[in-house]
Amino acid sequence: MSEQGHVITLDGPGGAGKGTLASALADRLGWSLLDSGALYRLVALTALRNRWDPNTTADRTSAEQKAAALDIRFLPDRGQGRRVLLGTEDVTDAIRSQNVSDAASKWAVQPAIRQALLARQREFARPPGLIADGRDMGTVIFPEAELKLYITASAEERARRRFEQLSALGVTANLDRIYREIVERDARDASREAAPLKPAVDAHIIDTTGDNVATSSQKICDLVAAKGWLAE
Ligand code: C5P
């Protein structure tokens, strides 16, 4: 273990189940959690509120300054994942809207924004350990992590899960449209020059297509147990 404690990274495309698996693992181990997507979403939310445009230099500079100083906290929510606080404001629901999702992946292609968030993300590492959830946790932010996981699922399955989530919330959704958006977002994340989405060379690939949360969690716990961390 380094001074900052252990680090387990979970990378992969949106909707593969990373967030659920990461927060369950953090709860099980009693480690901290970094939901790095929430940082990009917060930059996007702030940008939307201020009408900042990623293609305008002055707006990019404002977003960069905001990103470097983000006052964000993740609070356990009675076993139901985490609440996300921006200062004192609870932004958990606001950052999950479709507008924010789209804007987040547009701001995330900006190298200056990624750079501004780099140190901020590393500050989350602390003993006994950190579960880091994102796209570039194992490749860029924590390249020295002792256990790297790449969580994936087919685009069809991810679209279906999102559709069911929205239906359960009573939101009318269109499965084809969700599928198209997922494919577009994947392409944007994988083709960007700055930290494109790809598995670290030393990552274990976990495909959650057709598996429920318990099955995928068990696969992860087996890898964690092999490191001797479950009993610590
Ligand atoms: O994981 P989540 O869907 O919350 O992430 C929102 C967006 O932020 C992603 O579509 C991606 O573009 C970006 N992101 C990123 N690098 C990360 C985490 C998220 O580029 N480590």
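Residues numbered from 1 in each chain as written. Predicted model: local features only at pLDDT ≥ 70, side-chain atom pairs only at ≥ 80, totals over all residues. Heavy atoms only, no water.

Chemist: I'd love a proper account of the overall build of the protein chain, names of residues and values included.
Modeler: Along the protein chain, the regular secondary structure elements total 9 helices and 8 strands. Referenced to the eigenvectors of the C-alpha coordinate spread, the extents of the protein chain come out at roughly 50 × 40 × 35 Å. The proportion of buried residues among the 232 residues of the protein chain is 49%. Taking all contacts inside the protein chain whose residues are at least 6 apart in sequence as the whole, residues at least 24 apart take part in 75%. Distance between charge centres in the protein chain, computed from 31 positive and 32 negative side chains, equals 3 Å. (Helix = DSSP H or I, 4+ residues; strand = E, 2+ residues; numbered from the N terminus. Buried < 20%, exposed > 50% of the residue type's maximum accessible area, 1.4 Å probe, protein only. Contact = heavy atoms within 4.5 Å. Lys, Arg positive; Asp, Glu negative; His and termini not counted. Charge placed at Lys NZ, Arg CZ, Asp CG, Glu CD.)

Chemist: Any details on the packing of helix 4 (residues 98–107) against helix 8 (residues 175–191)? Residues and values, ideally.
Modeler: Following both chains from N to C, one finds helix 4 and helix 8 inclined at 20°, their axes separated by 10 Å at the closest point. In this view, helix 4 runs roughly parallel relative to helix 8, as classed from their interaxial angle. As for the relative orientation of helix 4 and helix 8, their crossing is left-handed in sense. For the pair helix 4 and helix 8, the contacting residues are Gln98, Ser101, Asp102, Ser105 and Lys106 in the first and Glu181, Arg185, Arg188 and Asp189 in the second. The residue inventory of the contact of helix 4 with helix 8, partitioned by class, reads no nonpolar, 3 polar and 6 charged. (Axes fitted to C-alpha atoms, helices over the stretch in contact; angles between N-to-C directions. Parallel < 35°, antiparallel > 145°, perpendicular 65-115°, else oblique. Left-handed = near helix turned anticlockwise from the far one by under 90°. Nonpolar A, V, L, I, M, F, W, Y, C, P; charged D, E, K, R; others polar.)

Chemist: Kindly report on the packing of helix 2 (residues 36–50) against helix 5 (residues 111–122), identifying the contributing residues and their values.
Modeler: Axis separation between helix 2 and helix 5 bottoms out at 11 Å; the angle between their running directions is 135°. Between helix 2 and helix 5, the crossing angle belongs to the class labelled oblique. With respect to the hand of their crossing, helix 2 and helix 5 are arranged in right-handed fashion. From helix 2, Ser36, Leu39, Tyr40 and Val43 reach across to helix 5, where they touch Ile113, Arg114, Leu117, Arg120 and Gln121. Counted by class, the contact of helix 2 with helix 5 contains 5 nonpolar, 2 polar and 2 charged residues.

Chemist: Could you give an account of empty space enclosed by the protein, naming the residues involved and the relevant values?
Modeler: Enumeration according to the criterion identifies 1 cavity of 30 Å³ or more in this entry. A volume near 40 Å³ is recorded for the largest cavity. Along the walls of the largest cavity sit Gly14, Arg135, Arg158, Ile182, Arg185, Asp186 and Asp189, which together make up its complete lining. When residues of the lining of the largest cavity are assigned to their parent elements, the largest contribution, 4 residues, is made by helix 8. Classifying every residue of the lining of the largest cavity gives 1 nonpolar, 1 polar and 5 charged. (1 Å grid on protein atoms, 1.4 Å probe; cavity = no way out; pocket = protein on both sides within 12 Å on 5 of 7 lines; lining within 4 Å. Points joined across faces, edges and corners; volume = space filled by probe spheres on them.)

Chemist: Give me the lowdown on the sheet that holds strand 4 (residues 82–86), citing residues and values where you can.
Modeler: Reading across the sheet, the 3 strands line up as 3-4-5 and stay open at both edges, with antiparallel pairing between neighbours. With partners counted over all chains shown, the strands left at the sheet margins are strand 3 (72–76) and strand 5 (89–90), one partner each. Here strand 3 runs beside strand 4; their pairing, made up of 5 bridges, is antiparallel. Bridge pairing links Leu75 to Arg83 in strand 4. (Pairing = 2+ DSSP bridges.)

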